[in-house]
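One letter stands for each residue in the lines below.
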Amino acid sequence: MNETIESVLQYWLEEVGQEKWYEQDAALDEDITSRFESTWQQAANGELIHWMRSSRGTLALLIVTDQFSRNMFRGRGTSFATDYLALSAARHAITRNDDQVFTGPERQFFYLPYMHSESLSHQERAVRLFMLKMPDSKDNLFHARAHRQVIRTFGRFPYRNEALGRVSTPAERRYLEEGAYGSTLRALQDADAA
């Protein structure tokens, strides 16, 4: 089935909705895979670049390349295979102010590719974008700060190592054993409370 910009947006923004965007749900992963894997493959092949002609199209492309991949290929290296496309689309969209067209929670999808990057400069940019362009979204800013802290500490996301076939350092193994991202969140909450 050939999915369209509007069918991607309708599915993710309305059918799935904000309350399920970050849940680990096998049934949702399966639904996204059955419906959108061919659309993701088209995007991965560069066949949906024309979606970037509009702000809505760019948002749909970001959802496919940065969000759906994480659902469809959860726990596998392929989850991150189109991150570079999402980052390129986000960079282009922000330059064009496409992100400013959206006033609700959907705006975050223009900034998440920076937060998903293993580059510290991208992490810094993610924090700035959430601070300046979504100042009321404290949860997004908190998670952007936490992602940045992981990259500051390790230079990469240790919890991706297994999926990407990377060998964890002793420090990364300790981090994973002590709760990984959850431990970063707790440390950040403790620091904010102090």
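For the structure itself, look to the data block above.
Here the structure is a predicted model, which is why all the values come from computation and not from measurement. (Residues numbered from 1 in each chain as written. Predicted model: local features only at pLDDT ≥ 70, side-chain atom pairs only at ≥ 80, totals over all residues. Heavy atoms only, no water.)

Colleague: Mind showing me how you'd approach the nonpolar core here?
Modeller: For soluble globular proteins, the rule of thumb is that nonpolar side chains tend to be buried together. The biggest cluster of nonpolar side chains holds 43 residues, and the ones touching the most others in it are V8, W12, I32, I63, F68 and F130. Counting only elements with at least two residues in this core, the list comes to α1 (5-16), α2 (26-44), α3 (55-72), α4 (83-95), α5 (112-115), α6 (120-133) and α7 (138-154). Here the element with the most residues in this core is α3; it accounts for 8 residues. Counting contributing residues per domain, this core is built from domain 1 (1-117) and domain 2 (120-193), each supplying no fewer than three. Those residues in contact with F68 that lie beyond four places of it in its chain are V8, Y11, W12, I32, F36 and I63. Within the second largest apolar cluster, 10 residues are counted, among which are A146, V150, F157 and L188. (Core = buried A, V, L, I, M, F, W, Y, C linked by side-chain atoms within 4.5 Å. Buried < 20%, exposed > 50% of the residue type's maximum accessible area, 1.4 Å probe, protein only. Helix = DSSP H or I, 4+ residues; strand = E, 2+ residues; numbered from the N terminus. Domains from an automatic or database assignment. Contact = heavy atoms within 4.5 Å.)

Colleague: Any chance you could explain the side chain of H147 here in plain terms?
Modeller: Among the secondary structure elements, H147 is positioned in helix α7. Taking relative accessible area as the criterion, H147 reaches 12% and is therefore assigned buried. Within the structure, the side chain of H147 is placed 3.1 Å from the side chain of Y181, a separation counted as a polar contact. H147 has contacts with M115, Q123, F157, Y159 and Y181, leaving out every residue within four places of it along the chain. (Polar contact = N/O pair within 3.5 Å; in protein donor to acceptor, adjacent residues only side chain to side chain.)

Colleague: Help me out: how do you make sense of the environment of R173 in this one?
Modeller: Residue position: R173 is located in helix α9 (residues 170-177). Sequence separation between R173 and P158 is 15 residues, and the spatial gap between their C-alpha atoms is 8.0 Å.

Colleague: Got a minute to help me understand the pattern of salt bridges in this structure?
Modeller: Where charged atoms from two side chains of opposite charge come close, those side chains can pair. All told, the structure shown has 13 salt bridges when counted by the stated rule. Taking the shortest distance from any N to any O, the salt bridge between D83 and R70 comes out at 2.8 Å. Taken together, the residues span a long stretch of sequence, with D83 in helix α4 and R70 in helix α3 at a distance of 13 residues. The burial state of D83 is the same as that of R70; both residues are buried. Between E118 and R166 there is a salt bridge, with its nearest N and O atoms 2.9 Å apart. Residue E118 is located in the loop between α5 and α6, and its partner R166 is located in the loop between α8 (161-164) and α9; the two are separated by 48 residues in the primary sequence. (Salt bridge = Lys/Arg side-chain N within 4 Å of Asp/Glu carboxyl O.)

Colleague: Explain the packing of aromatic side chains here, please?
Modeller: In this description, an aromatic ring pair is defined by two values, namely the gap between the centres and the angle between the planes. With the rule as written, the count across this model stands at 13 aromatic pairs. When the ring of W21 is compared with that of F109, the centres are 4.8 Å apart and the planes differ by 75 degrees; the resulting orientation is edge-to-face. Note that W21 is positioned in the loop between α1 and α2 and F109 in the loop between α4 and α5, a separation of 88 residues in sequence. There is no split in this pair, since W21 and F109 are both buried. A centroid spacing of 4.6 Å and a plane angle of 40 degrees characterise the contact between F36 and F68, whose relative ring orientation is tilted. A residue pair is termed long-range when its members are at least 10 positions apart, and F36 in helix α2 and F68 in helix α3 qualify at 32 residues. On the accessibility criterion, F68 (0% relative accessible area) is buried. Pairwise contacts between aromatic rings join Y11, W12, W21, F36, F68 and F109 into one cluster. Above the ring of F80, the side-chain terminus of R160 is found at 4.2 Å from the ring centroid. (Phe/Tyr/Trp six-rings, centres within 6.5 Å; stacked < 30°, edge-to-face > 60°. Lys NZ or Arg CZ within 6 Å of the ring centre and 35° of its normal.)

Colleague: Even after reading the chapter, I still don't get the packing of α3 against α4, so can you show me in this structure?
Modeller: To describe two helices that pack against each other, one gives the angle between their axes and the distance between the axes. Two elements in contact, α3 and α4, have axes separated by 9 Å at closest approach and are oriented at 150 degrees. Classified by the angle their axes make, α3 and α4 are roughly antiparallel. The hand of the α3/α4 crossing is left-handed. Every residue of α4 that contacts α3 at T58, L61, L62, T65, D66 and R70 is listed here: D83, L85, A86, A89, A90 and A93. Looking at side-chain class alone, the contact of α3 with α4 contains 7 nonpolar, 2 polar and 3 charged residues. (Axes fitted to C-alpha atoms, helices over the stretch in contact; angles between N-to-C directions. Parallel < 35°, antiparallel > 145°, perpendicular 65-115°, else oblique. Left-handed = near helix turned anticlockwise from the far one by under 90°. Nonpolar A, V, L, I, M, F, W, Y, C, P; charged D, E, K, R; others polar.)

Colleague: Please clarify how the layout of surface pockets should be interpreted in this entry.
Modeller: To locate leftover empty space, one rolls a probe as large as a water molecule over the atoms. As a volume, the largest pocket reaches approximately 1000 Å³. Lining of the largest pocket is provided by 30 residues; of these, Y22, R70, R74, H116 and H147 occupy positions nearest its centre. Breaking the lining of the largest pocket down by element, the ones donating at least two residues are α3, α5, α7 and α8. Broken down by element, the lining of the largest pocket gets its largest block of residues, 4 residues, from α7. Residues of the lining of the largest pocket, tallied by class, amount to 11 nonpolar, 12 polar and 7 charged. If you count residues domain by domain, the lining of the largest pocket takes at least three from each of domain 1 (1-117) and domain 2 (120-193). (1 Å grid on protein atoms, 1.4 Å probe; cavity = no way out; pocket = protein on both sides within 12 Å on 5 of 7 lines; lining within 4 Å. Points joined across faces, edges and corners; volume = space filled by probe spheres on them.)

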